[in-house]
Structures are given as structure tokens and as C-alpha cells.
Amino acid sequence: MSDAETNEAEVILETKGICRSYFRGTEVPVLRGVDLEVRRGEMVAIVGASGCGKSTLLHVMGTLDVPDAGEVWWRGKKIDHRKRRACDRFRNESVGYVFQFYHLLPELNALENVMLPALIRESIFTYWTRRRGIRKRAEELMERVGLGHRMDHRPAHLSGGELQRAAIARSLLGDPELLLADEPTGNLDAETGEGIIQLLCELSRDENLSIVLVTHDAELAKRTDRVLRLVQGALIEEGADDVLPVAGHLDESPSSMAC
Amino acid sequence: MYKHLLCSRYLTTRYIALFSVVSVMLGVTTMIVVNSVMGGFRQRMLERLHGILSDVIVESTTMDGFRHPDEIMSRINAAVGDKIEAMTPAIEVFGMLHFQNNGLGQTFTRPVRLVGVDPKGRAAVGEFGDHLLNADNSKDPSFELRADGKEWREKNADLFDPKFGVPKAGSIIGYQIATFRGSNMFEDQFLIRPGQEVVITTVTAGRKPEPVSDRLVVVDHFRSDMSEYDSNYVFMPLKELQERRRMGDAVTAIQIKLKDEADSPAVVGALRAALPPTFFHVQTWEDKQGPLLQAVKVEAAILNIILFFIIAVAGFGILAIFYMIVYEKTRDIGILKALGASNVGVMNIFLGYGFILGLVGSVFGVILGVSITLNINEIEETIYKWTGLELFPPDIYYFKEIPAQLDPMTVVWIVAGALFIAAAASVLPAIRASKLRPVEALRYE
Ligand SMILES: Nc1ncnc2c1ncn2[C@@H]1O[C@H](COP(=O)(O)OP(=O)(O)OP(=O)(O)O)[C@@H](O)[C@H]1O
Ligand SMILES: [Mg+2]
């Protein structure tokens with residue numbers, strides 16, 4: 001997707017001056033005014049040192065966390081974090097979430113975990129009438145992430161990479177408009193990681209899915225439309241072809257000042 | 001949908017929670033068994049009391065009684081005749097019973113309640129006949145010596161002074177007055193049998209009560225299995241008692257059996273209006289036994305409260321286990337919320353889980369409780385056979401069998417209580433789960 005194209009597409013998610021601090025004895029600011037626009041079909045990578053607040057930002061964007069200051073706008077409407085029902089619906093229907101630590105439910109098998117967003121959305125009766133469709137879609141997604149042979153395995157019997165892929169399948173089940181992915185390739189070998197990267201690119205290109213992903217993977221970051229670096233609680237745009245900092249560079253960004 | 005799925009998964013994967021099922025089950029079982037046995041006792045007791053007392057009793061306010069019972073009875077008939085099936089006059093006074101047991105060489109003197117009755121009339125208003133030991137008397141109650149009594153007298157003719165002859169009046173003596181049972185004895189021993197003689201002493205009616213005594217021949221025993229009656233009642237013919245007490249045709253009570261027992265309160269009301277209250281005291285049998293029935297009721301209520309604590313304990317078990325589960329599931333709760341589950345939905349998972357645990361416990365409790373209740377006598381027997389422990393000695397309880405009676409309504413209430421407690425115990429953990437903030441929950445790794 002070229003820059004020109006991207007600029008024309010509709011902005012679906014926008015954050016304005018997001019601030020978030022935590023209290024650890026004293027107030028520790030993590031985000032200090034994050035402004036971000038995500039357009040339809042756009043793929044944005046957020047990079048930054050460990051502990052600089054990338055996950056926190058993703059949580060705020062997905063209404064899981066409430067910012068201390070600043071606003072999140074969804075398709076031209078301001079999201080009110082206090083309206084719990086609206087936020088629940090938003091999370092269920094409009095966003096797909098891939099967590100840094102997979103987060104599958106141990107009591108359900110892989111397929112059921114993938115179906116979970118639909119299970120949450122449907123009541124027992126509507127589920128009954130739509131169960132075939134839901135199941136078929138979940139199976140399709142499992143195949144797509146390469147887990148077709150692991151459908152009835154419990155999470156405890158899956159490897160880290162398989163869990164990651166199940167989590168990605170789950171995030172796509174509800175056909176979200178925005179995918180928030182926290183290190184989606186963090187636990188995968190180069191080959192599987194490549195598969196996932198291709199999948200994400202495909203989704204963004206063909207199905208116009210907007211993706212915001214957090215990554216330490218230079219390979220993945222390179223393939224996105226934009227790379228943003230979270231430094232000292234704010235986002236700085238980087239050239240897409242800039243080389244990502246090496247580990248030594250990472251450490252330079254002083255973590256003691258809780259960027 | 002996820003609520004049902006997770007509920008059932010938690011149920012089949014968290015075995016620790018099944019312990020709370022067991023505690024609910026035991027609580028429900030205990031309550032059902034104890035209530036059935038208590039209810040059975042109560043029911044038996046009521047039946048017996050009812051059988052002895054008949055439906056409505058018109059009593060004199062004085063031991064001297066009232067004259068012209070026929071006239072009173074026609075007044076009663078005029079007032080509520082259409083509702084009456086049978087009525088009979090009776091005299092009840094205090095007396096003294098004295099007899100000698102030749103085998104033991106000992107004499108016995110006991111305070112008793114002396115009841116003058118017309119045996120056939122008495123049998124018509126209640127279960128008098130059923131409580132008589134001699135089968136002939138059960139069919140056709142009378143104060144005549146029956147075969148067993150005559151036989152005994154013939155065999156032991158040497159004990160009697162022929163000069164005195166057979167006493168004119170017969171008497172029927174309460175079973176517990178006439179028998180005893182020592183420790184290690186399996187059968188009641190008779191102190192006095194039909195054919196033997198007793199001396200009764202009572203007082204005359206009138207201005208100055210004077211003691212009078214007379215010899216009576218024992219013709220039968222009265223056994224209602226209600227200790228209060230069996231250890232106090234001595235029956236004799238109404239006419240004879242009137243004569244001894246020099247009270248003419250006066251009686252102290254009229255017992256009335258109604259066609260429909262449900263009319264009792266109405267009949268009592270009508271009779272209270274028809275008869276002067278200074279002389280007559282009209283009561284239903286339940287009024288007359290009021291304090292006793294009340295005591296039984298209170299006893300049952302207290303016992304139920306205590307037993308309910310058993311289920312409450314099970315409830316605290318659920319509470320503790322649920323807190324643990326919620327704590328353990330913090331991350332999962334965060335996931336569910338992150339995927340759009342509402343707070344109420346998450347709360348419902350745990351409420352439903354608690355409710356289902358309660359339900360499963362209750363169902364097993366009902367199955368176990370009902371089967372124990374239905375087979376309680378066999379179980380008691382088996383325990384006796386194996387351990388020699390007699391859980392239910394008949395000489396204490398007066399029933400040959402444990403009179404368990406299953407009341408469906410009671411079972412329903414017990415189950416409702418158990419379900420309520422199980423649900424209530426899961427409320428706190430469920431609220432805690434619903435209050436969890438997703439980000440914090442997700443930080444658990
Ligand atoms: N609930 C909390 N209480 C206190 N501090 C918190 C809390 N959540 C996050 N933090 C702190 O906020 C900072 C940002 O955390 P966050 O998880 O967003 O980092 P991150 O950029 O995702 O790091 P990583 O790359 O290692 O995943 C960290 O220093 C973390 O310790
Ligand atoms: Mg992170």
C-alpha cells in the first residue's frame with residue numbers, strides 16, 4: 001500500500017494525547033500524550049524498548065485500560081471508557097486482540113478457544129442456530145494459521161508457537177476491523193513467523209483489515225506501512241526502511257527514567 | 001453461551017469443587033432423614049391422640065360432672081346434630097389403683113386416671129377397640145371376663161377367697177401400668193393379667209368428697225403406645241363408676257365424633273354458644289393436646305434450624321472453594337472480558353456454577369435421603385445385626401418400627417434452602433470476579 005493510498009483511506013482509530021501513569025510509590029508516567037491515527041487497511045508497527053509502554057498503549061486502544069487523560073476515537077466517535085457495555089461490544093465485535101502471552105482458556109480446546117468471541121457474543125439460543133457457521137469459520141481460520149491438526153487439543157498440550165497461532169485465529173474470528181497484536185511473532189521460529197507475517201499482510205491488503213502490532217521483529221516491522229517508535233511515552237514516526245535498533249541500542253534508551 | 005460452556009467445563013475439571021457437592025449432599029440427606037423421622041413420629045402421635053380423644057370433647061368444669069347427660073346430648077344434637085356421627089358420655093377422675101402380684105409377692109399402688117366409659121359407645125367415637133389387647137374386645141369391646149381371664153382364674157382358684165366371688169365390675173388397665181421390662185429383657189413382663197383383681201379408690205362427688213374403694217376384675221389391657229395414656233388410664237364401666245361415686249346419672253365429659261373432622265372448629269364454636277361456659281368446656285382434640293403438639297412443633301423447628309447449619313457449613317465450603325477458583329481463574333476472567341464478556345456475564349458464570357453445584361448436591365442428597373428414609377427400618381436392623389447397637393429401642397419409643405414419613409413439600413423446601421445457600425455462597429466470589437479489571441487480570445502470567 002503506497003503512502004498516497006494510505007492517506008486517502010478513512011481513519012478508523014485515533015488516539016489524542018493519551019496519558020497513563022502507574023503508581024509505584026511515586027507516580028510513574030508510562031504514556032505521556034500519545035497521538036496516533038490508524039487508517040483502514042493500514043498496517044502499523046509500534047516498536048520500542050521493553051517496558052516502555054507498548055502493551056499499555058495497545059490496552060488503552062482496545063478499551064481494556066482507561067487512560068488518565070486523552071481520548072480514543074473510533075470511526076469519528078469518541079469512545080467513552082466508562083460505558084462498559086459499549087466497550088464490551090466494541091472489544092467483541094470491532095477489535096481483534098492478540099495478547100503478548102497468548103491467553104487461551106485452559107478448560108477449552110483449541111477450536112473452542114478460537115470460537116470464544118462468538119460464544120461470548122451469542123446467547124445459548126442464537127448460538128444453537130448459528131453453531132455450524134461459527135464452527136466452520138473457526139475451522140477455516142485454524143487451517144489458515146496451520147493448526148488444522150490440533151483442533152481438539154487443550155492449550156496445555158500445544159507449543160508456544162501453536163498457542164500464538166490459535167490466539168491469532170481467535171482474534172480474527174469475529175471479522176474485526178482492527179487487529180491489535182502484541183508481538184504476534186514473538187514466540188515463533190523464522191519460518192512460522194514468516195507464515196504469520198504473510199497472513200497479516202494478506203488480511204490487511206485483501207480484507208482491508210487495519211493492524212496495529214507491537215514487535216521486536218525487524219523483519220515484520222519492515223513489511224508494515226509505518227513504523228512508530230514509542231520513546232519517553234510518545235510516538236515518533238520512523239522511516240519504514242530504517243534499520244531497527246540492535247539490542248545494545250535498546251538498552252541505551254534509559255529504562256530508569258521509565259520512558 | 002460461553003457461560004454454560006465454562007460452567008460445565010469447570011464442573012468436570014475442577015474436582016475440588018465436588019467436595020462442596022458432597023457436603024451439600026450430606027446436609028440435604030440428613031435433613032430429609034431427620035425430618036421424615038420426626039414427621040413420622042409426629043404423625044403417628046397425632047393419629048394416636050386423635051384416636052383416643054375423638055374429634056370434639058365437651059367437658060365439665062368440675063370433677064362432679066353434669067347431670068342429665070341425655071338432655072345435654074339432645075341439646076348438642078339440636079345445635080350440630082347433622083354433623084355428628086357418634087357421641088358418648090364418660091367420667092374422668094383421679095383415682096388410686098392397688099394390686100398384688102403373687103409371683104413377686106409384692107403389692108403395687110399407683111395414682112391413675114379412672115375413666116368410666118360405655119365401651120361400645122367409646123369405640124364408636126375413636127379407636128378404643130383397636131387399642132385393646134384381647135382380639136374379642138377389639139371387635140366388640142366390653143367389660144366382661146373373656147376366655148383368657150376365666151382360664152387364669154380357674155388355674156389360680158386357690159388365690160381367691162370363694163366367699164367374695166367374682167367382682168361385679170370389670171376393668172381395663174393401661175398396658176404400662178400392668179407390665180414392666182427389666183434391663184436385658186426382650187419382652188414385657190406382666191404384673192397383672194386378665195382374671196386378677198385390683199382395688200380402685202376414688203372420691204365421691206358432692207359436697208364433701210369422701211374416699212370410696214371397690215374390687216374390680218381385670219378383663220383386658222389398653223395399649224395405645226402413647227406412654228401418657230398407657231401408664232395412666234384405667235377404664236371401668238360408666239354405670240359402676242357413677243354408682244361408686246354416688247353421682248346419679250352425672251358424667252364429666254361427652255366425646256363427639258364428627259362426620260367430617262374439618263368441621264371441628266365450627267362445631268366447637270356452635271357448642272360454646274349453645275352450652276353455658278360456667279359448666280362446660282368445649283375443645284377440639286387438638287386444643288386439648290395443645291401444649292404437647294406445640295412442643296413437638298417447636299422441637300422440630302429448632303432441630304431444623306440446627307440442621308440447616310449443616311447446609312450453611314457446606315455453603316461456607318463453597319464460598320472458600322469459589323474464592324480459590326476465582327483467584328486461580330483471574331487471568332481467564334481477564335481474557336473473557338478482553339474478548340467482550342460483560343461483568344454480569346462473568347458473574348453469572350460463577351453464580352451458575354455455584355447453583356449447579358448446589359443442584360447436583362441436592363439431587364444426590366435427595367436420592368440418598370429418600371432411599372434411607374424408605375429403608376430406614378432395614379438399615380436399623382442391619383446396623384443392629386452388625387454392631388449389636390440398638391439405635392431405636394422400642395421400649396423407649398413405643399413404636400415397633402421407626403415411623404418415617406416422607407413429606408414431598410419438606411423435601412422441596414430443603415432443596416430450595418440448599419440451592420439458596422449454594423447460590424448465596426457463590427455471590428461474593430462472583431462479585432469479586434465481575435469487579436476484576438481486565439488489564440490487571442491479564443497481568444497474571
Ligand atoms: N498495573 C501496573 N502497575 C504498575 N506498573 C505497571 C502496571 N502495568 C504496567 N506497568 C508498568 O508500565 C510499564 C509499561 O508496561 P508495558 O507492559 O506496557 O511495557 P511493554 O512496552 O509492553 O514491555 P514489553 O516489550 O516487555 O512487553 C512497565 O514499566 C510496567 O512495569
Ligand atoms: Mg508488552
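The model shown is predicted, which means the values in this text are computed figures rather than measured ones.

A.B. asks: Pulling in residues and values, what's your account of the site of ligand 1?
C.D. replies: Taken together, 15 residues lie near ligand 1, and Ser50(A), Lys54(A), Ser55(A), Thr56(A) and Arg443(B) sit nearest. More than one chain lines the surroundings of ligand 1; the residues nearby belong to chains A and B. Gln100(A) is positioned with one of its side-chain polar atoms (N or O) 2.7 Å from an oxygen atom of ligand 1. In the complex, the protein chains occlude 77% of the 630 Å² of accessible area that ligand 1 would expose alone. Residue assignment for the shell around ligand 1 shows that the elements contributing at least two residues are β1 (11-24) and α2 (54-61) of chain A. A total of three residues in the shell around ligand 1 trace back to one element, the largest contributor, which is α2(A). Within the shell around ligand 1, the residues separate by chemical class into four nonpolar, seven polar and four charged.

A.B. asks: Got a sec to walk through the packing of helix α13 (residues 330-338) of chain B against helix α14 (residues 343-374) of chain B? Specific residues and values, please.
C.D. replies: Packed helix pairs are characterised by how far apart their axes lie and by the angle those axes make with each other. Residue and element names in this part refer to chain B. Their axes nearest at 10 Å, the elements α13 and α14 cross at an angle of 140°. As the angle between them shows, α13 and α14 are arranged oblique. The element α13 and its partner α14 pack so that their crossing is right-handed. Every residue of α14 that contacts α13 at Ile333, Leu336 and Lys337 is listed here: Asn343, Val346, Ile349 and Phe350. The residue makeup of the contact of α13 with α14, split by class, is five nonpolar, one polar and one charged.

A.B. asks: Pulling in residues and values, what's your account of the environment of Val28(B)?
C.D. replies: Residue and element names in this part refer to chain B. Secondary-structure assignment places Val28 in helix α2 (residues 16-53). Overall, the relative accessible area of 0% leaves Val28 in the buried class. Once the C-alpha coordinates of Val28 and Gly417 are considered, the two residues, 389 residues apart in sequence, prove to be 9.2 Å apart. With sequence-adjacent residues up to four places away left out, Val28 is seen in contact with Ile311, Ser362, Gly365, Val366, Ile414 and Ala418.

A.B. asks: With reference to specific residues and values, describe the interface of chain B and chain A.
C.D. replies: Where interface size is given, it is often the accessible area lost as the parts come together that is meant. The interface of chain B with chain A comprises 28 residues on the first partner and 28 residues on the second. Taking both partners together, chain B and chain A bury about 2600 Å²; carbon and sulfur atoms supply 64% of that area. Our enumeration of links across chain B and chain A arrives at three salt bridges. Between Arg9(B) and Glu112(A) there is a salt bridge, with its nearest N and O atoms 2.6 Å apart. Taken together, the connections running from chain B to chain A amount to 10 residue pairs in polar contact (both at pLDDT 80 or more). When residues of the side of chain B that touches chain A are traced back to their parent elements, those giving at least two are α1 (2-13), α13, α14 and α18 (438-442) of chain B. Per element, the largest residue contribution to the side of chain B that touches chain A is seven residues, and it comes from α1(B). Looking at the side of chain B that touches chain A residue by residue, the classes come out as 15 nonpolar, five polar and eight charged.

A.B. asks: Let's hear about the sheet that holds strand β4 (residues 69-74) of chain A: which residues, and what values?
C.D. replies: Residues and elements named next belong to chain A. Spatial ordering of the open sheet is given by β2-β1-β4-β5, a layout of four strands whose pairing is antiparallel. This sheet does not close on itself; its edge strands, each paired only once, are β2 (26-39) and β5 (77-78). This element, α2, spans β1, β2 and β4 of the sheet and lies at about 60° to β2.

A.B. asks: So, the pattern of salt bridges: which residues are in play, and what are the values?
C.D. replies: This model, assessed by the stated rule, comprises 42 salt bridges over all chains. We note a salt bridge from Glu139(A) to Arg135(A), for which the minimum N-O separation is 3.4 Å. A residue pair is termed a helical-turn pair when its members lie 3 or 4 positions apart in one helix, as Glu139(A) and Arg135(A) do in helix α5 (residues 124-144) at four residues. Relative accessible area serves as the criterion here: at 27%, Glu139(A) is assigned to the partly exposed category. Residue Glu71(B) is joined to Arg75(B) by a salt bridge in which the shortest nitrogen-to-oxygen separation is 3.5 Å.

A.B. asks: Tell me about the pairing of strand β8 (residues 211-222) of chain B, and name the residues and values.
C.D. replies: Residues and elements named next belong to chain B. Relative to β8, strand β4 (residues 170-174) runs parallel, the two sharing five bridges. Note that in β8 the partner of Ser171 across the bridge is Val218. Bridge count for strand β7 (residues 197-203) against β8 is seven bridges, and the pairing is antiparallel. Paired with Val203 across the bridge in β8 is Pro211.

A.B. asks: Could you give an account of a nonpolar patch on the surface, naming the residues involved and the relevant values?
C.D. replies: Together, Phe355(B), Leu359(B), Val363(B), Phe364(B) and Ile367(B) make up an exposed nonpolar region whose accessible area comes to about 450 Å². Within the fold, Phe355(B) resides in helix α14.

A.B. asks: So what's going on with the sheet that holds strand β3 (residues 43-47) of chain A? Residues and values would help.
C.D. replies: Residue and element names in this part refer to chain A. The sheet built from six strands is open, its strands ordered β6-β7-β8-β3-β9-β10 with mixed pairing. Unpaired on one side and paired on the other, β6 (95-98) and β10 (234-238) mark the two borders of the sheet. Each neighbouring strand pair of the sheet contributes to a mean axis angle of 20°, computed without reference to strand direction. Both β3 and strand β8 (residues 210-214) contribute to a ladder of four bridges, which runs parallel. Bridging from a neighbouring strand, Ile46 pairs with Val214 of β8. Strand contacts of α2: β3, β6, β7 (178-182), β8, β9 (226-231) and β10, with the helix running at about 155° to β7, the strand carrying the most contacts.

A.B. asks: Requested: an account of the coordination of the magnesium ion (ligand 2), with residues and values cited.
C.D. replies: Residue and element names in this part refer to chain A. In this structure, Ser55 (OG) and Gln100 (OE1) serve as the protein donors to the magnesium ion (ligand 2), at separations of 1.9 to 2.3 Å. Of this pair, Ser55 sits in helix α2 while Gln100 sits in the loop between β6 and α4 (110-121); the two residues are 45 residues apart in sequence, bridging distant segments of the chain. On the basis of relative accessible area, Gln100 is assigned to the partly exposed category, the value being 26%.

A.B. asks: Explain the pairing of β6(A) to me, using residue names and the numbers behind them.
C.D. replies: Residue and element names in this part refer to chain A. Burial of β6 is two-sided: the residues Val95 and Tyr97 facing one way and the residues Gly96 and Val98 facing the other way are all buried. Two elements, β6 and β7, share four bridges in a ladder whose sense is parallel. Residue pairing in the sheet places Val98 in a bridge with Ala181 of β7.

A.B. asks: So what about the nonpolar core? Which residues, and what values?
C.D. replies: With 123 residues, the main nonpolar core has Met61(A), Leu116(A), Leu178(A), Tyr2(B), Leu336(B) and Phe350(B) as its most contacted residues. Sequence-distant contacts of Met61(A), defined by excluding residues within four places in its chain, comprise Leu13(A), Thr15(A), Leu36(A), Val38(A), Val72(A), Phe90(A), Leu180(A) and Val212(A). Judged by nonpolar contacts, the second largest core, of 43 residues, contains Val80(B), Phe99(B), Phe108(B) and Ile192(B).

A.B. asks: Give me the lowdown on the packing of α5(A) against helix α6 (residues 160-173) of chain A, citing residues and values where you can.
C.D. replies: All names here are of chain A. Relative orientation of the contacting elements α5 and α6 amounts to 140°, with a least axis distance of 9 Å. Of the possible angle classes, the one that applies to α5 and α6 is oblique. Between α5 and α6 lies a crossing whose hand is right-handed. Between α5, through Ile134, Arg137, Ala138, Leu141 and Met142, and α6, the contact on the second element is made entirely by Ala169, Leu172 and Leu173. Its residues assigned to classes, the contact of α5 with α6 comprises seven nonpolar, no polar and one charged.

Conventions and cut-offs
Residues numbered from 1 in each chain as written. Chains lettered and ligands numbered in written order. Predicted model: local features only at pLDDT ≥ 70, side-chain atom pairs only at ≥ 80, totals over all residues. Heavy atoms only, no water. Near = heavy atom within 4 Å. Polar contact = N/O pair within 3.5 Å; in protein donor to acceptor, adjacent residues only side chain to side chain. Areas by Shrake-Rupley, 256 points an atom, 1.4 Å probe, with all protein chains shown as cover. Helix = DSSP H or I, 4+ residues; strand = E, 2+ residues; numbered from the N terminus. Nonpolar A, V, L, I, M, F, W, Y, C, P; charged D, E, K, R; others polar. Axes fitted to C-alpha atoms, helices over the stretch in contact; angles between N-to-C directions. Parallel < 35°, antiparallel > 145°, perpendicular 65-115°, else oblique. Left-handed = near helix turned anticlockwise from the far one by under 90°. Contact = heavy atoms within 4.5 Å. Buried < 20%, exposed > 50% of the residue type's maximum accessible area, 1.4 Å probe, protein only. Buried area = accessible area lost by both parts, 1.4 Å probe. Salt bridge = Lys/Arg side-chain N within 4 Å of Asp/Glu carboxyl O. Pairing = 2+ DSSP bridges. Patch = residues over 30% accessible without salt bridge, like charges linked within 9 Å, V, L, I, M, F, W, Y side chains within 5 Å. Donors = N, O, S within 2.8 Å, 3.2 Å for Na, K, Ca; no water. Core = buried A, V, L, I, M, F, W, Y, C linked by side-chain atoms within 4.5 Å.

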